[in-house]
Amino acid sequence: MIKVVNLNTGYGKLQILFDINAIIEDKKITTVVGPNGSGKSTFLKALFGLTTIYTGEIIFKGKDISNIPPYKKVKLRIAYLPQIDNVFSQLTVNENLKIAGYILPKDKVRERIDIALDVFPELKDILNRKAETLSGGQRQFLAMGMALVRDAEVLMLDEPTAQLSPKLAEIIFGKILDMRDKFGLTILLVEQNAKRALEISDNGYMFVSGRIALEGTAKDVLNHEKFKEYSLGIKNV
Ligand SMILES: Nc1ncnc2c1ncn2[C@@H]1O[C@H](COP(=O)(O)OP(=O)(O)OP(=O)(O)O)[C@@H](O)[C@H]1O
């Protein structure tokens, strides 16, 4: 579980998130929705150690990790997949998967790559392709596969279905469910495809202007008037 307590954070002097209190439950999918610019991506970045934290705590396994740099978060088995630049574009799919396992003992890497290829069989035929030649969906499969190789326990995904067709988005949502159900991953998802994302989630938060406007089970959020008003105003909902 990740517990966020009274978090105030931003970039340098520019505060973006205000008094955020949230719980990311183990082995569940928690989705953050909200208008453009409301601070959803900043929330993921803050949890990974990429923002300036003014006050507050991020508690993971009983310890405050708010001042721990990103490379150490990887060792804590927290993975963050940004919207772009989530793979090494000049390397092949196979090389990307191998590199993802760099913190693991060598004999474990092969085993973890096999597990990743079981969940993402789509990658099997393109192992020797350079990542820069992949489609958006294939790239997303690779980025998620790399998190599986790393044996991540917490997976933070920033808009994994952005720019994808509805059919591919649905496949990605299916993979996210697989990662929770087959591997017990704790997933924190930021999505523009808000309604569909909440439908596959356990818990939800809606951010508005850097503050939590709604929170509860994903079902509670989906059925709340505030969410309905917001979702009527955006595409894909
Ligand atoms: N590196 C940065 N430096 C300064 N300001 C930033 C930086 N990244 C984001 N911001 C600002 O922080 C605010 C929140 O942005 P953020 O990307 O977290 O919102 P979001 O809810 O994820 O939006 P979207 O749905 O459009 O991705 C915006 O005003 C944005 O301009």
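Conventions adopted
Residues numbered from 1 in each chain as written. Predicted model: local features only at pLDDT ≥ 70, side-chain atom pairs only at ≥ 80, totals over all residues. Heavy atoms only, no water. UniProt positions renumbered as here; feature names shortened; annotations may be inferred. Helix = DSSP H or I, 4+ residues; strand = E, 2+ residues; numbered from the N terminus. Buried < 20%, exposed > 50% of the residue type's maximum accessible area, 1.4 Å probe, protein only. Contact = heavy atoms within 4.5 Å. Polar contact = N/O pair within 3.5 Å; in protein donor to acceptor, adjacent residues only side chain to side chain. Phe/Tyr/Trp six-rings, centres within 6.5 Å; stacked < 30°, edge-to-face > 60°. Lys NZ or Arg CZ within 6 Å of the ring centre and 35° of its normal.

As annotated in an unreviewed UniProt entry, the protein carries the name ABC transporter related protein and is attributed to Thermodesulfatator indicus. Quoted straight from UniProt, the Sequence similarities (unreviewed entry) entry for the protein says "Belongs to the ABC transporter superfamily."

**Some remarks on the environment of Lys226**
With respect to the secondary-structure elements, Lys226 resides in helix α9 (residues 225-232). Relative accessible area serves as the criterion here: at 40%, Lys226 is assigned to the partly exposed category. In this structure the C-alpha to C-alpha distance between Lys226 and Leu76, which are 150 residues apart in sequence, comes to 36 Å. Beyond its immediate sequence surroundings of up to four residues, Lys226 is in contact with Met206, Ala213 and Leu214. A polar contact is formed between the side chain of Lys226 and the backbone oxygen of Ala213, at a distance of 3.2 Å.

**Notes on the packing of aromatic side chains**
One pass over the structure, following the stated rule, counts four aromatic pairs. With 5.3 Å between their ring centres and 65° between their planes, Phe43 and Phe207 make a pair best called edge-to-face. With a gap of 164 residues between them, Phe43 in helix α1 (residues 40-48) and Phe207 in strand β9 (residues 203-208) connect regions that are remote in the sequence. Judged by its relative accessible area of 1%, Phe207 falls in the buried class. The ring of Phe141 has Lys175 sitting right over it, with the charged end atom 5.4 Å from the ring centre.

**Some thoughts on the side chain of Arg180**
Structurally, Arg180 is set in helix α6 (residues 166-183). Classification of Arg180 by relative accessible area gives buried; the value is 18%. Polar side-chain contacts of Arg180 include one of 3.1 Å to the side chain of Asp202. Residues within four places of Arg180 in sequence aside, it is in contact with Lys27, Lys28, Ile29, Leu185, Ile187, Ile200 and Asp202.

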